[in-house]
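In case you want the letters, here they are:
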Amino acid sequence: MDLLLTYDVETVTKAGQARLRRVAKICEAYGHRVQKSVFEIVCRDADKLRLVAALNDVIDHQRDTVRIYRLPAQALDDVEHLGIPRQVDPRGPLVI
């Protein structure tokens, strides 16, 4: 499945800054960063469940937000770009 994941983590406290780093690390293990807090992810249903569980364990549900958009099949193959072109293929190897 193709996913677009975005997050906004409160960073005014040291704890928030630490959560931000943990959220980013989790997302980097599942997909490609395309903007500072935006990831394109190609995964299976089981991977999505693990991703959501890991993020649920890290975020502060009163201060942070994560949005996961499930896209139509192969949607990440047809993305229109303006400006800097895509650096990685969303279906290519994921280097962690």
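- Looking up the protein chain in an unreviewed UniProt entry gives the name CRISPR-associated endoribonuclease Cas2, with the organism given as Microtetraspora fusca.
- The record in UniProt for the protein chain states the following under Subunit (unreviewed entry): "Homodimer, forms a heterotetramer with a Cas1 homodimer."
- According to UniProt, the comment filed for the protein chain under the heading Cofactor (unreviewed entry) is "Mg(2+)".

### Notes on the environment of Val42
Argument step 1. Its location among the elements puts Val42 in strand 3 (residues 38-42).
Argument step 2. Apart from residues no more than four positions distant in its own chain, Val42 is found in contact with Met1, Asp2, Tyr30, Leu76, Pro90 and Arg91.

### Some points on unusual backbone geometry
Argument step 1. Even without being glycine, Gln74 reaches a positive phi, approximately 65 degrees.
Argument step 2. As for its position among the elements, Gln74 is in the segment after strand 4 (65-71).

### Considerations on the packing of aromatic side chains
Argument step 1. In this structure the tally under the stated criterion is one aromatic pair.
Argument step 2. Ring geometry for Tyr7 against Phe39: centres 6.2 Å apart, planes inclined by 25 degrees, an arrangement best described as stacked. Here Tyr7, found in strand 1 (residues 2-8), pairs with Phe39, found in strand 3; they are 32 residues apart in sequence, far enough to count as distant. With respect to class, Tyr7 is no different from Phe39; both count as buried.

### Here we look at the packing of helix 1 (residues 14-28) against helix 2 (residues 45-58)
Argument step 1. Put simply, helix 1 and helix 2 touch, their axes get as near as 10 Å, and they point 175 degrees apart. Taken together, helix 1 and helix 2 sit at an angle that is classed as roughly antiparallel. Listed contacts from helix 2 to Arg19, Arg22, Val23, Ile26 and Cys27 of helix 1 are Leu51, Ala54, Leu55 and Val58.
Argument step 2. For the contact of helix 1 with helix 2, the residue count by class is seven nonpolar, no polar and two charged.

What counts as what
Residues numbered from 1 in each chain as written. Predicted model: local features only at pLDDT ≥ 70, side-chain atom pairs only at ≥ 80, totals over all residues. Heavy atoms only, no water. UniProt positions renumbered as here; feature names shortened; annotations may be inferred. Helix = DSSP H or I, 4+ residues; strand = E, 2+ residues; numbered from the N terminus. Contact = heavy atoms within 4.5 Å. Phe/Tyr/Trp six-rings, centres within 6.5 Å; stacked < 30°, edge-to-face > 60°. Buried < 20%, exposed > 50% of the residue type's maximum accessible area, 1.4 Å probe, protein only. Axes fitted to C-alpha atoms, helices over the stretch in contact; angles between N-to-C directions. Parallel < 35°, antiparallel > 145°, perpendicular 65-115°, else oblique. Nonpolar A, V, L, I, M, F, W, Y, C, P; charged D, E, K, R; others polar.

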